[in-house]
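Below, each chain spelled out in residue letters.
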Protein chains: 2
Amino acid sequence: MREKINKVTIEDIARVLNITAATVSRALNDHPGIAENTRRIVKETAARLHYQPNRIASSLRLGRTNILGVIIPSAEINFFGSVIHGIEKIANQNRYSVLIYQSNELYEHEKLGVQAFLQAQVDGVLASVSKETINADHFIEIKKRGVPLVLFDRAIDSLGVPSVVIDDYAGAFAATKHLIDQGCRHIAHIGGQQHVSIFNQRLKGYIDALNMHGIAVNEDLIVYGRVSVDSGRECMQQLLSLKQTPDAVFAVEDFTALGAMQTIKDADRKIPDDIAIIGFANEQFGEFLTPGLSSVNQQTVTMGEEAASLLFSELQTADRYQSNPKKIVLEARLVCRASSIKQK
Amino acid sequence: MREKINKVTIEDIARVLNITAATVSRALNDHPGIAENTRRIVKETAARLHYQPNRIASSLRLGRTNILGVIIPSAEINFFGSVIHGIEKIANQNRYSVLIYQSNELYEHEKLGVQAFLQAQVDGVLASVSKETINADHFIEIKKRGVPLVLFDRAIDSLGVPSVVIDDYAGAFAATKHLIDQGCRHIAHIGGQQHVSIFNQRLKGYIDALNMHGIAVNEDLIVYGRVSVDSGRECMQQLLSLKQTPDAVFAVEDFTALGAMQTIKDADRKIPDDIAIIGFANEQFGEFLTPGLSSVNQQTVTMGEEAASLLFSELQTADRYQSNPKKIVLEARLVCRASSIKQK
């Protein structure tokens, strides 16, 4: 069907103007050897005949599409939406378009996303790895083809590609220290899947902050969830069933924190007076809650900008993947709201 | 760089196996005329030599990429995220991948998105039109190329392409009637940009519901915003400055409703007792608010499924764009939460 509609060819234009097809082609591609006047007439005729250049053939010739592909675990997490804004900003400055693929945290889908982007002949790929991914062959495939790849937030160091991450350890340390500063001494942690490096780093930051402030780590106060509202609820119920319930919770991310908040409220405990709480990621909804949810800002837009900038420098590099890849670590910043600030 | 890495050709494989290049090509493409054994050996050899098929050439030959392009105004609005889940469900069943482009509500970006998808040779495009778009030439370009196009939520009827929308008028009517049923008689409406058809339909539903229930429309109670939290705040301040303040607000969408809620709380008015409020779109954050925000569910996943199904039937149709395009209108469903239910 597509073929039937796009039936006007370079040969048709050549016939109408009584010139060679080669001249038409050169005129359409702004070849310097073609007179301005000829160029104009060819383009006018092409437009009049509704000529559609064969873009596949064009991209084959030019070797680039001016498209970047971005793979994210989920478009519904504001964190990634915000990173994409940063990527788009730099891409637009470089006259590139950004296409997005969401893996929905599934390894099989992530592989399909890589395939789709290679198929679409994107000039570079930026990706944040799904929680399910334990095999990186599909990313190695991108490298093998010499297409620039940059990872952000959830990176795989062993891949040897440039990445932008935030300092999850320091962010978790600061969040935990903040709760200690508020007078809390029985601080629980609701963690995420520990094979995901960023979640493991947050656990370490929590443990080290306790240790550095002379508070013994109580293993009963560490529970592991699945990074969702429902899971946050379940983990909080578990914590509330302890003999010695916590006076504060550091949740691995905001959706978990939200579920925990709902359970604390349902149990008629006051936030922050009975139990203070802080999340991570500073999702949009946090400031809309009552009380507002304290969290850790991950400099999302900056992360996107830095990742895209790394990609554009890769695009200009001949010896891609030969040298030590650049790794940018952004600072994580505390955002204190009512959920963790105790009246003194 | 890319060319240097992908240097293994079909001819190389043929030489290694001492068979013809044509046989190698057929074996790699699962041609039925090739023996299973030959196919296996060719594929193993190709893998061993790190042969990378020239995918551009493949898509040129096969005429399809198994990729759908989806243009949305913003990936940060859960509404669209949810529609995409519906699209992905049907796409996956048909072994298609879904790439997303966000226009950020900008006409110029929407045009670039269309270009990127045509460049990437997607087999079909699904789009929800940006609020800024008043010229549809870029969508006409998709039609001209014979690429299937389906619009969802924000459609342009004059384009003559299939679409899936919800009944915004009936949803707004039901939301307003619900407030009347709760005993409210001074019901305000915070509207959106009126050149956007769905926002205009919601205004009409509001007006007709008042008229049908014998309540005079008071123009002071209708204010127009820009569909954002900040704009919701400003509009609500305007409504609170009236001599006769409203006892209920029907906001054109949830972000506007959220801003209005914040202003009502700041003014120490009780929700819903002093002022009941209902939004539209049933965004994720609505149920997290205190009180929970009533809204109108737009059957987002169903919308995505229906839109993708329309697209796949278009893909199988020879006389695309010849007959009357199909338009599916989904029912909008009230979701009543604490923000609008008065204790009786």
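Details of the structure are given in the entry above.
Throughout what follows, the structure given in this document is the object of discussion.

Calculation criteria
Sequence order sets the numbering: in each chain, residues are counted from 1 along the sequence as written. The lettering of chains begins at A and the numbering of ligands begins at 1, in the order of writing. With the structure being a predicted model, the display of local features is reserved for residues of pLDDT at least 70 and the display and counting of side-chain atom pairs for 80 or more, all residues being used for whole-chain, interface and lining totals. Side-chain numbers come from the whole structure's heavy atoms, not from hydrogens or water. It only takes one pair of heavy atoms within 4.5 Å for two residues to be counted as in contact. Buried area is understood as the total, over both parts, of accessible area removed when two parts are fitted together, assessed with a 1.4 Å probe. Salt bridge, as used here, is a side-chain nitrogen of Lys or Arg placed within 4 Å of a carboxyl oxygen of Asp or Glu. Pairs of N or O atoms within 3.5 Å make up the polar contacts considered here, provided that, within protein, one atom can donate a hydrogen while the other can accept it, and that residues adjacent in sequence are counted only when both atoms are side-chain atoms. Each helix is a run of H or I in the DSSP string that is no shorter than four residues. Each strand is a run of E no shorter than two, and both are numbered from the N terminus. Buried residues are those whose accessible area, probed at 1.4 Å on protein chains only, stays under 20% of the maximum for their type, while exposed residues exceed 50% and partly exposed ones sit between those limits. At least two DSSP bridges between two strands are required for those strands to pair. Throughout, nonpolar core names a set of buried Ala, Val, Leu, Ile, Met, Phe, Trp, Tyr and Cys residues whose side chains join them through atoms within 4.5 Å. The directions considered for the arc are those from the helix axis to the C-beta atoms. Pairing of aromatic rings covers Phe, Tyr and Trp, the last counted by its six-membered ring, and requires centre-to-centre distances within 6.5 Å; plane angles under 30 degrees mean stacked, over 60 mean edge-to-face, and any other angle means tilted.

**Looking at the interface of chain B and chain A**
So, point 1. Chain B puts 58 residues into the contact, and the matching count from chain A is 60 residues.
So, point 2. Buried area between chain B and chain A, both sides added, is near 5400 Å², and the carbon and sulfur share of it is 52%.
So, point 3. Put simply, chain B and chain A have zero salt bridges between them.
So, point 4. Inspection of the chain B/chain A interface yields seven residue pairs in polar contact (both at pLDDT 80 or more).
So, point 5. Every element with two or more residues in the side of chain B that touches chain A is listed here: α1 (2–5), α5 (55–62), α6 (78–93), β2 (97–102), α7 (107–119), α8 (137–144) and α12 (254–266) of chain B.

**Quick look at the pairing of strand β8 (residues 248–251) of chain B**
Each regular strand shows side chains that alternate between the opposite faces of the sheet.
Residues and elements named next belong to chain B.
So, point 1. Side-chain alternation along β8 places A248 and F250 on one buried face and V249 and A251 on a second face that is also buried.
So, point 2. Here strand β6 (residues 187–191) pairs with β8 via four bridges, running parallel. Each bridged residue has a counterpart across the sheet, and for I190 the counterpart in β8 is A251.
So, point 3. Pairing geometry for β8 and strand β9 (residues 276–278), over three bridges, is parallel. Counted as the bridge partner of A248 is A276 from β9.

**Considerations on the nonpolar core**
So, point 1. Ranked by size, the top nonpolar core spans 138 residues in total, and within it L126(A), F152(A), I277(A), L126(B), F152(B) and I277(B) carry the most contacts.
So, point 2. With residues near it in sequence (within four places) discarded, I277(A) still touches V249(A), A257(A), A260(A), M261(A), I264(A), I271(A), L293(A), S294(A), S339(A) and S340(A).
So, point 3. Core analysis: the next-biggest nonpolar cluster, separate from the first, contains 44 residues, A120(A), V161(A), I142(B) and L149(B) among them.

**A closer look at helix α8 (residues 137–144) of chain A**
Residues and elements named next belong to chain A.
So, point 1. Among the residues making up α8, those that are buried are H138, F139 and I142. Taken down its axis, α8 places every buried residue within 100 degrees of arc, on the same side.
So, point 2. Summarising the contacts, the buried residues of α8 are in contact with α7 (107–119), β3 (124–127) and β4 (149–152).
So, point 3. Phi turns positive one or two residues past the end of α8, at G146, with a value near 75 degrees.

**Some remarks on the packing of aromatic side chains**
Residue and element names in this part refer to chain B.
So, point 1. Applying the stated rule across the entire model yields twelve aromatic pairs over all chains.
So, point 2. Summarising the aromatic geometry, the rings of F79 and F80 are spaced 4.9 Å apart at their centres and angled 75 degrees between planes, so their arrangement reads as edge-to-face.
So, point 3. The exposure class assigned to F79 is buried, which follows from its relative accessible area of 5%.
So, point 4. Residue F80 is classed as buried on the basis of its relative accessible area of 2%.
So, point 5. Ring centres of Y169 and F173 lie 6.3 Å apart, and the angle between their planes is 40 degrees; this geometry places the pair in the tilted category. Taken together, the residues Y169 and F173, both in helix α9 (residues 168–181) and four residues apart, mark about one turn of the helix.

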